[in-house]
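# Coordinates in review
The primary structure of each chain is shown beneath.
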Amino acid sequence: LDQHACDEKYRFETLQQSTTINTQPLVVPKKLELEAADEMVVAESLEVFRINGFELTVDEEAPPGQRVQLVAVPFSKGTVFGPADVHEMICLLRDNPGEHCRPSKVQAMFASRACRSAIMIGTSLTKSKMRTICRHMGTMDQPWNCPHGRPTMRHLYDLAPREAAGNRDTQYLGPQNAE
């Protein structure tokens, strides 16, 4: 296991699931020109937008294509959000209805935070910390790569031929004997 990539991926998934992003109200709300179907996606997903830091209003009395206004955007140091990010969210929600989506800028922001706070390569770990990293791997949705694409684990040796030959030293004895 790559201790940095494993810890980074765990931190990234934790941030993805638990972070509600702060918002910055706009001085003047921005009308968004959307197709009627996209306005419906927005109306059905206001909570997902809110979790991502976007505050939108939907005026059901307005004519189609002019019902949605952007009234607040997410803010974070050095990252500027706007209508293009709302359009990206609409596409994500249209393709993945009912899922918890994050725009690419938010994912990049979380990936950076997770990477900087993760265990660094070369850091000595206690057995307890090693076990914690292994347990975290079992709780992740997609444990195979860190958010930057680095593999979290490598296959180094195939035990199957040794086990088939009856070598007891390769049999799994459980966590109580892992010391």
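These figures come from a predicted structure and were not determined experimentally.

## Looking at helix α4 (residues 83-95)
Residues spaced three or four apart along an α-helix face the same direction, because each turn holds 3.6 residues. With 13 residues, α4 extends 19 Å from end C-alpha to end C-alpha; this agrees with the ideal 18 Å at 1.5 Å per step. Close packing links the buried residues of α4 with β1 (23-32), α2 (36-44), α3 (46-51), β2 (55-58), β3 (68-74) and α5 (104-117).

## What to know about the packing of aromatic side chains
This model, assessed by the stated rule, comprises 2 aromatic pairs. When the centroid spacing of 6.4 Å and the interplanar angle of 80° are considered together, the rings of F49 and F54 count as edge-to-face. Take F49 and F54: they sit in the same class, and that class is buried. Relative to F81, the ring of F54 lies with its centre 6.2 Å away and its plane at 90°, an arrangement referred to as edge-to-face. You can see F54 sitting in the loop between α3 and β2 and its partner F81 sitting in the loop between β3 and α4, a full 27 residues away along the chain. Pair check on accessibility: F54 and F81 agree, each one buried.

## Brief notes about the pairing of β3
With 5 of its 7 residues buried, β3 lies for the most part within the structure. Inspection of the sheet shows β1 paired to β3 by 6 bridges, in the antiparallel sense. Note that in β3 the partner of K30 across the bridge is L70. Alignment of β2 against β3, held across 4 bridges, turns out to be antiparallel. Bridge pairing in β3 links V58 to V68.

## Some details on the layout of surface pockets
Over the atoms rolls a probe the size of a water molecule, and its path tells where empty space is left. Of the volumes computed, that of the largest pocket is approximately 340 Å³. The wall of the largest pocket is formed by 14 residues, among which Q16, H100, R102, Q107 and D141 lie closest to the centre. Broken down by element, the lining of the largest pocket gets its largest block of residues, 5 residues, from helix α1 (residues 3-18). Classifying every residue of the lining of the largest pocket by side-chain character gives 3 nonpolar, 6 polar and 5 charged.

## Points about the pattern of salt bridges
Inspection of every chain in the model, using the stated rule, returns 6 salt bridges. Between D38 and R94 there is a salt bridge; the shortest N-O distance is 3.1 Å. Taken together, the positions of D38 in helix α2 and R94 in helix α4 put the pair 56 residues apart, joining distant regions of the chain. Overall, the relative accessible area of 13% leaves D38 in the buried class. One salt bridge in this structure joins R50 and E47, with 2.4 Å as the shortest N-O distance. Taken together, the residues R50 and E47, both in helix α3 and 3 residues apart, mark about one turn of the helix. The class of R50 is partly exposed, set by a relative accessible area of 32%. The exposure class of E47 is partly exposed, given its relative accessible area of 44%.

## Some points on the sheet that holds β1
Read across the sheet, 3 strands follow the order β1-β3-β2 without closing on themselves; strand pairing throughout is antiparallel. Each edge of the open sheet carries a strand with a single partner, namely β1 and β2. On average, each strand axis in the sheet is inclined to that of its neighbour by 20°, with strand direction left out of account. Running at roughly 80° to β1, α4 makes contact with β1, β2 and β3 of the sheet.

## Describing the confidence of the model for the chain
Caution applies to low-pLDDT regions: their predicted coordinates should not be interpreted in detail. A residue-level look at the chain finds 92% of positions with pLDDT of 70 or above and a mean pLDDT of 86. Between the elements of the chain, mean pLDDT differs from a low of 73, seen in helix α7 (residues 160-164), to a high of 95, seen in β2.

Reading the values: the criteria
Residues numbered from 1 in each chain as written. Predicted model: local features only at pLDDT ≥ 70, side-chain atom pairs only at ≥ 80, totals over all residues. Heavy atoms only, no water. Helix = DSSP H or I, 4+ residues; strand = E, 2+ residues; numbered from the N terminus. Expected span 1.5 Å × (residues − 1). Contact = heavy atoms within 4.5 Å. Phe/Tyr/Trp six-rings, centres within 6.5 Å; stacked < 30°, edge-to-face > 60°. Buried < 20%, exposed > 50% of the residue type's maximum accessible area, 1.4 Å probe, protein only. Pairing = 2+ DSSP bridges. 1 Å grid on protein atoms, 1.4 Å probe; cavity = no way out; pocket = protein on both sides within 12 Å on 5 of 7 lines; lining within 4 Å. Points joined across faces, edges and corners; volume = space filled by probe spheres on them. Nonpolar A, V, L, I, M, F, W, Y, C, P; charged D, E, K, R; others polar. Salt bridge = Lys/Arg side-chain N within 4 Å of Asp/Glu carboxyl O. Axes fitted to C-alpha atoms, helices over the stretch in contact; angles between N-to-C directions. pLDDT = per-residue confidence, 0-100.

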